[in-house]
Each structure stands twice: as structure tokens, then as C-alpha cells.
Amino acid sequence: MSNWPEWFQEALRQRFYQLELASEQQASCSSEDKILFTQVEQFKMNQNGDIQQLLSEWEEAIGYQLSQDKQSIYMEGVKDGIRLILPVIQPTNIC
């Protein structure tokens, strides 16, 4: 995607962020997620301050990495979609 205009790449990033936020909001409504979140928070509260800080940093790093992985998969999907649609939009003349 490096040869695509920066504005287009930014538009794709923003769309990805919108979809990711909507997905997180939808997932946060499940009872399983609420139970897991409560359990993790209880576990963290039972640790000393240094361990709590390390767990928070770990959660942030994991969240960032997951976001990057999702964004990469999303971008690959966009590229695949463009590869599929371009032949339809710009058919080549085979004569």
C-alpha cells in the first residue's frame, strides 16, 4: 500500500478504527466479557502496586498489538477487494 496516496491510507485507517470501536462496543455487552473483565480486575486488586502497574502495562501492550494485527488483516482485506474489483471496473481488451 505504500504507493497509495496518504489521504487514502488515512481514510482506510479511520474506517478501520470506526469498525474496531463498534466491534469493541458490541463485544463489551456480552455477559462472558463482563465476567472475565470483573475477574481480571479482582485479580489485579489483590496484587501489590508494582504488579498492578506491570499488569496494566501488559494489558496496554497486548491491546496495541491486537489492534495492529486487526488493522493489518483489515488492510489485506481491502487490498484483496481492490484486486477483485479492478478487473470489473477496468476490463482489458483481449483481441
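Described in the following lines is the structure provided in the data block. Everything numeric in this text was worked out from a predicted model, so none of it was measured. (Residues numbered from 1 in each chain as written. Predicted model: local features only at pLDDT ≥ 70, side-chain atom pairs only at ≥ 80, totals over all residues. Heavy atoms only, no water.)

All right, on to the overall build of the protein chain then. Within the protein chain one finds three helices and zero strands. The N-to-C order of helical and strand elements in the protein chain reads α-α-α. Since a compact globule built from 95 residues should have a radius of gyration of about 12 Å, the 20 Å found for the protein chain marks it as more spread out than a globular shape. Taking the principal axes of its C-alpha atoms as reference, the protein chain extends roughly 75 × 30 × 20 Å. Relative to its 95 residues, the protein chain shows a buried fraction of 12%. Approximately 7,900 Å² of the protein chain is accessible, and the part contributed by carbon and sulfur atoms is 60%. Here the protein chain contributes 7 positive and 14 negative side-chain charges, whose respective centroids are spaced 8 Å apart. (Helix = DSSP H or I, 4+ residues; strand = E, 2+ residues; numbered from the N terminus. Rg over C-alpha atoms; globule rule 2.2 N^0.38 Å. Buried < 20%, exposed > 50% of the residue type's maximum accessible area, 1.4 Å probe, protein only. Areas by Shrake-Rupley, 256 points an atom, 1.4 Å probe, with all protein chains shown as cover. Lys, Arg positive; Asp, Glu negative; His and termini not counted. Charge placed at Lys NZ, Arg CZ, Asp CG, Glu CD.)

There is a patch of nonpolar side chains on the surface, built from I85, L86, V88 and I89 and spanning about 370 Å² of accessible area. Examined against the element boundaries, L86 turns out to sit in helix α3 (residues 49-89). (Patch = residues over 30% accessible without salt bridge, like charges linked within 9 Å, V, L, I, M, F, W, Y side chains within 5 Å. Salt bridge = Lys/Arg side-chain N within 4 Å of Asp/Glu carboxyl O.)

The subject of this paragraph is the layout of surface pockets. Taken as a whole, the largest pocket encloses approximately 530 Å³ of empty space. As for the largest pocket, its lining consists of 18 residues, and the residues nearest its centre are W58, E59, I62, G63 and L66. At the level of elements, α1 (6-27), α2 (31-45) and α3 are the ones that each hand at least two residues to the lining of the largest pocket. When the residues that make up the lining of the largest pocket are grouped by side-chain class, the tally is eight nonpolar, three polar and seven charged. (1 Å grid on protein atoms, 1.4 Å probe; cavity = no way out; pocket = protein on both sides within 12 Å on 5 of 7 lines; lining within 4 Å. Points joined across faces, edges and corners; volume = space filled by probe spheres on them. Nonpolar A, V, L, I, M, F, W, Y, C, P; charged D, E, K, R; others polar.)

Bringing the packing of α2 against α3 into the picture now. Axis separation between α2 and α3 bottoms out at 9 Å; the angle between their running directions is 145°. On α3, the residues that touch V40, F43, K44 and M45 of α2 are Q52, L55, S56 and E59. Here the residues of the contact of α2 with α3 are counted per class, giving four nonpolar, two polar and two charged. (Axes fitted to C-alpha atoms, helices over the stretch in contact; angles between N-to-C directions. Contact = heavy atoms within 4.5 Å.)

Here we come to the environment of D50. Position of D50 relative to the elements: it lies in helix α3. Along the primary structure D50 and Q71 are separated by 21 residues, whereas in three dimensions their C-alpha atoms are 32 Å apart.

A separate point is the environment of S72. Within the secondary structure, S72 sits in helix α3. Spatially, the C-alpha atoms of S72 and L36 are 27 Å apart, while their sequence positions differ by 36 residues.

Working definition: an aromatic ring pair is given by the centre-to-centre distance plus the angle between the planes. For the structure shown, the criterion picks out three aromatic pairs. A centroid spacing of 5.6 Å and a plane angle of 45° characterise the contact between F16 and Y74, whose relative ring orientation is tilted. With F16 in helix α1 and Y74 in helix α3, this residue pair connects regions lying 58 residues apart in the sequence. An aromatic cluster is defined as three or more aromatic residues linked by ring pairs; in this entry it consists of F16, Y17 and Y74. (Phe/Tyr/Trp six-rings, centres within 6.5 Å; stacked < 30°, edge-to-face > 60°.)

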